[in-house]
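Letter by letter, the chains look like this.
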Amino acid sequence: METYVTVQGNLTADPVATTTASGASLVKIRVASNARRFDKQSGEYRDMDPMFINATCWRNLGSHVLATLRKGDSVIVHGRLLYREYDDTKGVHRTQFEIDALVVGPDLNRCAADLRRPSRATAEAPPTPAEVAA
């Protein structure tokens, strides 16, 4: 059984494009997320410890993320939760959770977005905005 998660947070850096040895394109992002809790004693909200999680965006999703999002953008990431174990360059055994992203988008609660849909191949091209305005 696969586990799916949704994370809301901010990008810690600009998306990074890479290519696998087999030639598949992918884009990696890192999301920082932290909860806020109300502290009854102080009567104020307090930020809790942040969580950082990497996400991998494949193919078209990756190219759209690369073209659209930048460091600091508030995003929502949904995908399969993966668990990895590895030894780092110093020989220390590490474990890591990451998301194999299926959906990535801006958090519209925190910003507005201009939606651009990819054009479909048609026999006749649709009119440009300048032609419509004329």
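Moving on to the pairing of strand β1 (residues 4-11). Here β1 pairs with strand β7 (residues 74-87) via seven bridges, running antiparallel. From the neighbouring strand, Asn10 faces β7, where its bridge partner is Ser74. Pairing geometry for β1 and strand β3 (residues 25-33), over two bridges, is antiparallel. From the neighbouring strand, Asn10 faces β3, where its bridge partner is Ala32.

In this section: unusual backbone geometry. Peptide bonds are mostly trans, and most non-glycine residues show a negative phi. Although it is not a glycine, Arg59 sits at a positive phi angle of roughly 50°. For Arg59, the location among the structural elements is in helix α1 (residues 59-68).

With that settled, consider the pattern of salt bridges. Applying the stated criterion across every chain, the model contains six salt bridges. Put simply, Asp47 and Arg36 hold a salt bridge, and the shortest N to O gap is 2.9 Å. Of this pair, Asp47 sits in strand β5 (residues 44-47) while Arg36 is found in strand β4 (residues 36-39), placing the two residues 11 residues apart along the sequence. Between Glu98 and Arg84 there is a salt bridge whose closest N-O contact spans 3.0 Å. Of this pair, Glu98 sits in strand β8 (residues 93-106) while Arg84 sits in strand β7, placing them 14 residues apart in sequence. Glu98 sits in the buried class, given a relative accessible area of 11%.

Moving on, we come to the layout of surface pockets. Computed from the structure, the largest pocket encloses a volume of approximately 640 Å³. For the largest pocket, the lining is made up of 20 residues, of which His64, Thr68, Pro106, Asp114 and Leu115 are closest to its centre. Mapped by element, the contributors of at least two residues to the lining of the largest pocket are α1 and β8. Take the lining of the largest pocket: its biggest share by element is five residues, from α1. Of the residues assigned to the lining of the largest pocket, the class counts are 12 nonpolar, four polar and four charged. Of the volumes computed, that of the second largest pocket is approximately 180 Å³. Lining the second largest pocket, in full, are Gln8, Gly9, Asn10, Ala32, Ser33, Asn34, Arg36, Asp47, Pro50, Phe52 and Arg110. Among the elements that take part in the lining of the second largest pocket, β1 stands out by supplying three residues, more than any other. Split by residue class, the lining of the second largest pocket holds three nonpolar, five polar and three charged.

On to the environment of Asp47. Separated by 11 residues in sequence, Asp47 and Arg36 have C-alpha atoms that sit 4.6 Å apart. Of note is the side chain of Asp47, whose polar atom sits 2.9 Å from the side chain of Arg36.

The topology assignment puts Asp88 in the loop between β7 and β8. One polar contact links the side chain of Asp88 to the main-chain amide nitrogen of Lys90, over a distance of 3.0 Å. A polar side-chain atom of Asp88 sits 3.1 Å from a polar atom in the side chain of Arg94.

Conventions adopted
Residues numbered from 1 in each chain as written. Predicted model: local features only at pLDDT ≥ 70, side-chain atom pairs only at ≥ 80, totals over all residues. Heavy atoms only, no water. Pairing = 2+ DSSP bridges. Helix = DSSP H or I, 4+ residues; strand = E, 2+ residues; numbered from the N terminus. Salt bridge = Lys/Arg side-chain N within 4 Å of Asp/Glu carboxyl O. Buried < 20%, exposed > 50% of the residue type's maximum accessible area, 1.4 Å probe, protein only. 1 Å grid on protein atoms, 1.4 Å probe; cavity = no way out; pocket = protein on both sides within 12 Å on 5 of 7 lines; lining within 4 Å. Points joined across faces, edges and corners; volume = space filled by probe spheres on them. Nonpolar A, V, L, I, M, F, W, Y, C, P; charged D, E, K, R; others polar. Polar contact = N/O pair within 3.5 Å; in protein donor to acceptor, adjacent residues only side chain to side chain.

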